[in-house]
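Descriptive structure summary
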2 protein chains.
Amino acid sequence: MDTGRIRNAALARKVVPADQAAALIRPGDTLGMSGFTGAGHPKAVPELLAQRITAAHAAGEPFQVDLWTGASTAPELDGALAAADGIGLRLPYQSDPIARQKINAGEIDYVDVHLSHVAQLAWEGFLGPLDVAVVEVSGITEDGQLIPSSSVGNNKTWLDLAERVVLEVNSWQPAGLDGMHDVYYGTALPPNRRPVQLTRPGDRIGVPHLRVDPDKVVAVVETSAPDRNTPFSEPDDTARAIAGHLIEYLEHQVSVGRLPAELLPLQSGVGNVANAVLSGLQESRFEQLTAYTEVIQDGMLDLLRSGTLASTSATAFSLSPTAIADFNAHVAEFRDRIVLRPQEISNHPEIVRRLGVLAMNGMIEADLYGNVNSTHLMGSRIQNGIGGSGDFARNAYVSFFLTPSTAKGGAISSIVPMVSHVDHTEHDVSVIVTEHGLADLRGLPPRKRARLVIDNCAAPEYRPLLTDYYARAERGAHGRHTPHLLAEALSWHTRYLETGSMLPG
Amino acid sequence: MDTGRIRNAALARKVVPADQAAALIRPGDTLGMSGFTGAGHPKAVPELLAQRITAAHAAGEPFQVDLWTGASTAPELDGALAAADGIGLRLPYQSDPIARQKINAGEIDYVDVHLSHVAQLAWEGFLGPLDVAVVEVSGITEDGQLIPSSSVGNNKTWLDLAERVVLEVNSWQPAGLDGMHDVYYGTALPPNRRPVQLTRPGDRIGVPHLRVDPDKVVAVVETSAPDRNTPFSEPDDTARAIAGHLIEYLEHQVSVGRLPAELLPLQSGVGNVANAVLSGLQESRFEQLTAYTEVIQDGMLDLLRSGTLASTSATAFSLSPTAIADFNAHVAEFRDRIVLRPQEISNHPEIVRRLGVLAMNGMIEADLYGNVNSTHLMGSRIQNGIGGSGDFARNAYVSFFLTPSTAKGGAISSIVPMVSHVDHTEHDVSVIVTEHGLADLRGLPPRKRARLVIDNCAAPEYRPLLTDYYARAERGAHGRHTPHLLAEALSWHTRYLETGSMLPG
C-alpha cells in the first residue's frame, strides 16, 4: 500500500479498513458516489456495503440506499448493490446488466437525467439531502486537498453537499494524474450565476484539486484496484463504413467553407462506432483538431500523440488495459493537452453552444422524420440512459447520430416509421449516419427528411417497407406535414415483440 | 405620412411606392422578413408581392419565394402570400390559418426550427443565400442607422446577410420606442464565439439601433399601419385555475427555500393561459419579479406599472389595441424597464441557463411519462410550431407546461397514454399543470410520474381510462421502466380520428 498518497496528517489519522467505512452507511441513506464510465468509482466500500445489505436482508431487516453517481460505474458498485437488492433509487445513468434487469423488472426506481443537470438538481435541494459522499481520489495533499482520480464527474458537488464523506485513496491510479484536472468552483444557483469564461476546449478556469471540509470526513480507505477497463476491439466493417461516411462529410463541409479546416471541437460518445470514428480520423488528413467531450477513449490518446488532436477536454477516462499502461508510462507528455473537468462543465449547455461542438452520439433507432431514441428498447425497456447525449445534441453546432442500420442480425431495423421513445426530437437532430450513408436533415421539411433517411440510411431489406409506409401515410394521414398512420406507426415494434423480427413473415 | 421618420438624406432619396419595392423581388428569391408574433412585420410590400404572384400565376408563370421571418406574422404577410400560393419554403414559425392549411395539405414546405437556432443556421450558409431582406423599422437616424420597431426578431441577421434590402418605415409605430432596443453585435460563428456578458434580464449589452450597408438598400417604403393587435380576452375559469395552481406552487417553492422571494426570471408563452398567469401574478403577493421572455403581452404592462415586475426582456410586443394606446401614451415610463433584443439573445441557451429561467409554455398534450407535444394534432397535422418553447424548456431552471385537461368539449384529453409527437422529452419537462392540478415530475422515475400525472392533471372522465391503460401496461409491457402497450399506445388518437372522441363509445 502506497501510504505516500495521503500526505495530510489529520486525514491520515482517519484511515480505517473498508468494512469499517462501509459500516458508517445507514439504511435509507442517500449516497453520492464517484465514478464515470467505469473510471474513478470507489473500489472497496460499495462491495462491502452490498455484503452488509445482504446480511441485513437475510436477517429480515430492510436496507436500501439511494445512489447518485457521475454516470455508469462497474460490477463491484452498481452490479454488487443491485444484486443485493440494495438500491431504492438510482440516478443519473447506469449501464450495469444486473441493475438494468432490476430496473426493467420494476424493482429499482431509475431516474434518467441529463448529466449536466444533476449538480443543479442536487444543489436546488429538490432531490432531498445527500447523506454520504463516497469518493475515490488518487491522493491527498499536505493541506488536505484532494487529487482527483480518473474521473471528476459530480465529485465536487457530492463533497460540498454531503453531510458525511468517505474517501477512497486509490494508489493504482497514476500519480501523474495530478495537474491534469481543472475543478471550477465558480458555479452557483441562479440568480447568482456568472458567465463561465471558457472559450477554447483546453482552457483552464479552475483549480487542480478538490476541496473537502475535513470535519465531514468520517473515514479514509486505502485501495489499489483498477478501473473497469474494457479491452479495445478493432472496429468491424460496419463501424468503419459509418466512420467513413462521417469523415467524408466533414471533409466536404470544410471544402465548401461551412467548417474550419481544424473543424470545431468534437464530442464523441462511447463504444464501437465512436472508436471507429476516432480511428478514421487518425487516417484522415485532419490535424490540430480539438475535443470537448465526456470521455477519453483509447483512440484519443493515439490522436493526441500523432498531432491529429491538439487538445482534449473531458470528465473521465475510459481506457483499455493496454492504453492504461501506455498512458501511465507517458502521462507527462499528455498532461498539458488533457483537461478533466466536473461533468457540469464538460457538458455545460453554455460551453457546448459557445464552442460550437460537433456532437457525435450513438442511438438505438431513428424515424423517418429524424426523431431519435437513445434509451428504450421497444418503447418500455431501458438500455442505459440518455447520459450526456442531450447536453451535447441540444446545444451543438451540428448533432450527428450514428448507428448500424440493423441489429439482431437484421431482425431489427434502426430506421423505423416512428420511434418507440424520443430522446432527441426532430428539432435537435442534424445528421443521421448508418453504414449505408448519411442524411443531413437540416433545413428540410419532414417529408423531404423522410425520403433522404429512407434512401441514404435504411438497410436495403427495410427500404421498400419504409417507402410503402411513407407512401400510404402521405395519402392517408390526418395531415401531410408529418405524415403518419398512427394505427401502424409502431407496428414494426409490436411485430418484433410477437415474431422476433420487424420483417413481415 | 410622417416624413420626419427618415432623417438620412441618402436613404430618403430611395423612397418609392410600395408596389415599386415589391417589383424588385424575383421568382425564386429567398426573403428574410421582419415580424414576430404579429409585431413589426412589413405592412405593405408582402401584400403587393402576393398580388404580383397571383398575376404571374394567372399568366401561367411560376412565382414562389422562400420566406424566413422572426416568428409568426399577420394575414397581410403569411396569409396573403400563402393564399397566392407564393411560398415554397417557410421557416422558422408561423400561425396563419391559410398557411397552416396549405402546409398540412403538403403544398408548403415548412421547417419548424428552434427560434434561437435560426440566425446560426443562416450564418452557417447551410440554408443557402438570402436574396432580399424586407424589414420594418420605426425610423432612420441622420447617420443612416435603423430604429427598430415593435419586434427585433432576426432583423440584424437579415440586414447583415441579404444581398438587397427593402425597408418599410412605419410611422404608426410609436417614436418613443427609440432607446428601448438592445441590439447585440457580438455574435459570431464558432470558433470565434465569446461569452455573452449578460447576467440580469434588464442588462444592456448592445446598441439601440440596427446597422445596414446603405448601398444594399434598394428601396425605402413609407407605411402607417398597425401591428396585428389581437383584443385581449379575460381569462376563463379553466385558465384561472391553471394559473392558480402554478402560483400556489411558486409560493410553496419560495416558502421551502427552493426559489428566491423575487423568483427567477419568468418566460411566458403567448395566449389565454399565459395571460391568466400574468393576471394571477398581479393579484399575488409577489413583487420585484423579472421576465426574460419572447413576447410582452398586455398583462406584463400592468405588472410593470404595479411593480410586480421590475423589468422585462423580450424580442417583441404583442399588445391589444387598448394596451397599445396605453403604451403609446406612457412609453417614457416603460422605456427603462423594457429591453427588446434579437431573438438569438432573447432565446439564447447560454443566457436561459445562466439566468435560471422559469419557463412556462402551453402545449397540445402530455403523456403519462412527461413527454410533451407542442406542435402536432394527432401526430401529423401541424398547429403552429415549436417556436421558442424548446429554447427555454431545455435550458430552463424549471420548465412548466400548461394546458386545459381537455379540448373540443371533452372529446380530446390533453393527457394521453403516449403523445403522438414529441417536442419536449421526459428529460426536459419539469412540471405539468392543468386546471385540475400540478405534477412536479423532477427526480421521479417514469412509473411514479405516471401516477402523479393521472391523479393530479387528467380530466376526471379520462382518469379511469388512463389508470386502466397504465395498470395493464405495467403487467404486460416489454419492460417496466416505462410501461407501454405499443399496440394501443396511440389508440386514443386513432379513436378520435375515427369517432370524433377519445372516449370509447
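Sequence order as written defines residue numbering, which begins from 1 separately in each chain. Starting at A for chains and at 1 for ligands, labels are handed out in the order in which the entities are written. With the structure being a predicted model, the display of local features is reserved for residues of pLDDT at least 70 and the display and counting of side-chain atom pairs for 80 or more, all residues being used for whole-chain, interface and lining totals. Side-chain numbers come from the whole structure's heavy atoms, not from hydrogens or water.

Glancing now at the UniProt feature "binding site: CoA" (unreviewed entry) in chain A. All names here are of chain A. Under the feature "binding site: CoA" (unreviewed entry), the UniProt entry names G269, V270, G271, N272, V273, I364, N384, G388 and K408. In terms of the greatest pairwise C-alpha distance, the residues named above, spread along 140 residues, do not form a single cluster, extending to 25.7 Å across. In DSSP terms, a helix is any run of H or I states spanning at least four residues, a strand is any run of E spanning at least two, and both are numbered starting from the N terminus. Relative to the assigned elements, G269 resides in the loop between β9 (266–268) and α9 (272–283). If sequence neighbours within four positions are ignored, G269 has contacts with A274, Q297, M360 and N361. Tracing the backbone shows V273 in helix α9. UniProt positions are given in the numbering used here, feature names are shortened, and annotations may be inferred rather than shown by experiment. Residue contacts are defined here by distance: any two heavy atoms, one from each residue, within 4.5 Å place the two residues in contact.

Glancing now at the sheet that holds strand β17 (residues 372–373) of chain A. All names here are of chain A. Strand order in the open sheet formed by 3 strands is β17-β16-β23, with mixed pairing between adjacent strands. Where the open sheet ends on each side, the last strands, each with one partner, are β17 and β23 (415–416). Pairing between strands is defined by DSSP: at least two bridges between them are needed. Pairing geometry for strand β16 (residues 365–367) and β23, over 2 bridges, is parallel. The partner of A366 across the bridge, within β23, is I415.

On to the sheet that holds strand β16 (residues 365–367) of chain B, then. Read across the sheet, 3 strands follow the order β17-β16-β23 (chain B) without closing on themselves; strand pairing throughout is mixed. The sheet is open, and its two borders are formed by β17 (372–373) and β23 (415–416) of chain B, each paired with just one other strand.

Another aspect to go through is the interface of chain A and chain B. Taken together, the contacts link 89 residues of chain A with 90 residues of chain B. Accessible-area loss on putting two parts together, using a 1.4 Å probe and summing over both, is the definition of buried area adopted here. In this assembly, chain A packs against chain B so that about 7,800 Å² is buried in total across both faces, 53% of it on carbon and sulfur atoms. When residues of chain A are sorted by the area they lose upon contact with chain B, R353, R394 and H478 of chain A head the list and together hold 11% of the total. Salt bridges are defined by distance alone: a side-chain nitrogen of Lys or Arg within 4 Å of a carboxyl oxygen of Asp or Glu. At the junction of chain A and chain B, the tally comes to 10 salt bridges. Looking at which element gives the most residues to the side of chain A that touches chain B, the answer is helix α14 (residues 349–355) of chain A, with 5 residues. Throughout this entry, Asp, Glu, Lys and Arg are counted as charged residues, while Ala, Val, Leu, Ile, Met, Phe, Trp, Tyr, Cys and Pro are counted as nonpolar. The remaining residues, Gly among them, count as polar. Looking at the side of chain A that touches chain B residue by residue, the classes come out as 37 nonpolar, 31 polar and 21 charged.

Another aspect to go through is the side chain of S346 of chain B. All names here are of chain B. Assignment of secondary structure puts S346 in helix α13 (residues 343–346). Only protein chains enter the accessibility calculation, which uses a 1.4 Å probe; a residue whose area is less than 20% of its type maximum is buried, one above 50% is exposed, and one in between is partly exposed. The exposure class of S346 is buried, given its relative accessible area of 0%. We call two N or O atoms a polar contact when they sit within 3.5 Å, provided that within protein one can donate a hydrogen and the other can accept it, with sequence-adjacent residues counted only if both atoms are side-chain atoms. There is a polar contact of 2.8 Å between the side chain of S346 and the side chain of N347.

Residue and element names in this part refer to chain B. Angles shown run from 0 to 180 degrees and are taken between the N-to-C directions of axes, each axis being a line fitted to C-alpha atoms and, for helices, limited to the stretch in contact. Between helix α4 (residues 75–83) and helix α5 (residues 97–104), the least distance of the axes is 7 Å, while the angle of their chain directions is 40°. With respect to each other, α4 and α5 are oriented oblique. Once α4 is placed against α5, the crossing between them reads as left-handed. Contact residues: G79, A82 and A83 in α4; I98, A99 and K102 in α5. Angle categories are assigned with fixed cut-offs, so that under 35 degrees is roughly parallel, over 145 is roughly antiparallel, 65 to 115 is roughly perpendicular, and the rest are oblique. Note on convention: the crossing is left-handed when the near helix lies turned anticlockwise from the far helix by less than a right angle, right-handed when the turn is clockwise.

For the rest of this paragraph, the subject is helix α11 (residues 321–329) of chain B. Counting along an α-helix, one turn takes 3.6 residues, and residues three or four places apart therefore face a common direction. Residues and elements named next belong to chain B. The set of residues buried in α11 consists of A323, I324, D326 and F327. When α11 is viewed along its axis, its buried side chains cluster within an angular range of 165° and face the same direction. Away from the buried face of α11 by more than 90 degrees, exposed residues T322 and A329 are located. Those residues of α11 that are buried are in contact with α10 (298–306), β13 (316–318), α12 (331–335) and β14 (338–340). Taken from the helix axis, the directions to the C-beta atoms give the arc we talk about.

A separate point is the relation of the copies chain A and chain B. Mapping between the two copies of the chain is achieved by a rotation about an axis and a shift along the axis. Alignment of the copies relies on least squares applied to C-alpha atoms, considering only residues that score at least 70 for pLDDT in both. Aligned on chain B, chain A shows an RMSD of 0.0 Å; the corresponding rotation is 180° and the shift along the axis is 0.0 Å. Within this description, the copies of the chain are treated as partners about a two-fold rotation axis. Residues of chain A ranked by C-alpha distance from the rotation axis are headed by E350 of chain A, positioned 2.1 Å from it. An overlap of 100% is found between the interface residues of chain A and their copies at the interface of chain B, pointing to a shared contact surface.

Residues and elements named next belong to chain A. Burial of strand β3 (residues 87–91) is extensive: 5 of the 5 residues sit out of reach of the surface. Where strand β2 (residues 65–68) meets β3, 3 bridges bridge the pair, whose relative direction is parallel. When the sheet's bridge partners are listed, L67 is paired in β3 with R90. In the classification by handedness, the crossover that spans β2, the intervening helix α4 (residues 75–83) and the parallel β3 is right-handed. Bridge analysis of β3 against strand β4 (residues 109–110) gives 2 bridges, and the strand direction is parallel. Residue pairing in the sheet places L89 in a bridge with D109 of β4. Crossovers are marked right-handed if the path from the first strand over the helix to the second runs clockwise, as seen with the strands pointing away from the viewer. Handedness of the crossover is the feature at issue here: the chain leaves β3, passes through helix α5 (residues 97–104), returns alongside β4, and the resulting connection is right-handed.

When the UniProt feature table is mapped onto this chain numbering, "domain: Acetyl-CoA hydrolase/transferase C-terminal" (unreviewed entry) sits at residues 333–469 of chain A. Summarising residues 333–469 of chain A: 29% helix, 26% strand, and an end-to-end C-alpha distance of 55 Å.

What follows covers the pairing of strand β10 (residues 289–292) of chain B. Residues and elements named next belong to chain B. Here β10 shows no split at all, with L289 and A291 on one side and T290 and Y292 on the other all buried. With 4 bridges connecting them, β10 and strand β12 (residues 309–314) associate as parallel partners. Note on β12: the bridge partner recorded for T290 is S311.

Turning to unusual backbone geometry, a few remarks are in order. Omega for the peptide link from P190 of chain A to P191 of chain A comes to 10°, which places this bond in the cis form. For P191 of chain A, the position within the fold is in the loop between β7 (164–170) and β8 (217–223). Residue L91 of chain B is joined to P92 of chain B through a cis peptide bond whose omega torsion reads 0°. Secondary-structure assignment places P92 of chain B in the loop between β3 (87–91) and α5. Of note in the backbone geometry, K408 of chain A takes a positive phi value of approximately 50° without being a glycine. Among the secondary structure elements, K408 of chain A is positioned in the loop between β21 (406–407) and β22 (412–413). Residue D85 of chain B is not a glycine yet carries a positive backbone phi of 55°. By the element assignment, D85 of chain B lies in the loop between α4 and β3.

The next point concerns the domain arrangement of chain A. Note: interface size is frequently given as the accessible area lost on complex formation between the parts. Residues and elements named next belong to chain A. Throughout, the edges of the domains are those of an automatic or database domain assignment. Domain boundaries in chain A define domain 1 (9–223) and domain 2 (237–460). Look at where the C-alpha atoms of domain 1 and domain 2 centre, and you get two points 27 Å apart. Listed per partner, the contact involves 47 residues of domain 1 and 46 residues of domain 2. Roughly 3,700 Å² is buried in total at the junction of domain 1 and domain 2, and carbon and sulfur atoms are behind 59% of that figure.

Residues and elements named next belong to chain B. Where helix α3 (residues 45–58) contacts α4, the two axes come as close as 8 Å, and the packing angle between them is 10°. Considered as vectors, α3 and α4 are oriented roughly parallel to each other. In this structure, α3 contributes P46, E47, L49, A50 and I53 to the contact, and α4 contributes E76, L77, A80 and L81. Split into classes, the residues belonging to the contact of α3 with α4 amount to 7 nonpolar, no polar and 2 charged.

Before going further, it helps to examine the pattern of salt bridges. In this structure the tally under the stated criterion is 48 salt bridges over all chains. Its salt-bridge partner being R341 of chain A, residue D182 of chain A comes within 3.3 Å of it at the nearest N-O pair. On the criterion of sequence distance, the pair formed by D182 of chain A in the loop between β7 and β8 and R341 of chain A in the loop between β14 (338–340) and α13 (343–346) is long-range, its members being 159 residues apart. In this pair, the class of D182 of chain A matches that of R341 of chain A, namely buried. Its salt-bridge partner being R472 of chain B, residue E488 of chain B comes within 2.6 Å of it at the nearest N-O pair. You can see E488 of chain B sitting in the loop between α17 (463–476) and α18 (491–499) and its partner R472 of chain B sitting in helix α17, a full 16 residues away along the chain. We classify E488 of chain B as partly exposed; its relative accessible area is 24%. Overlapping salt bridges, with partners in common, bring together E350 and R354 of chain A together with E350 and R354 of chain B in one network.

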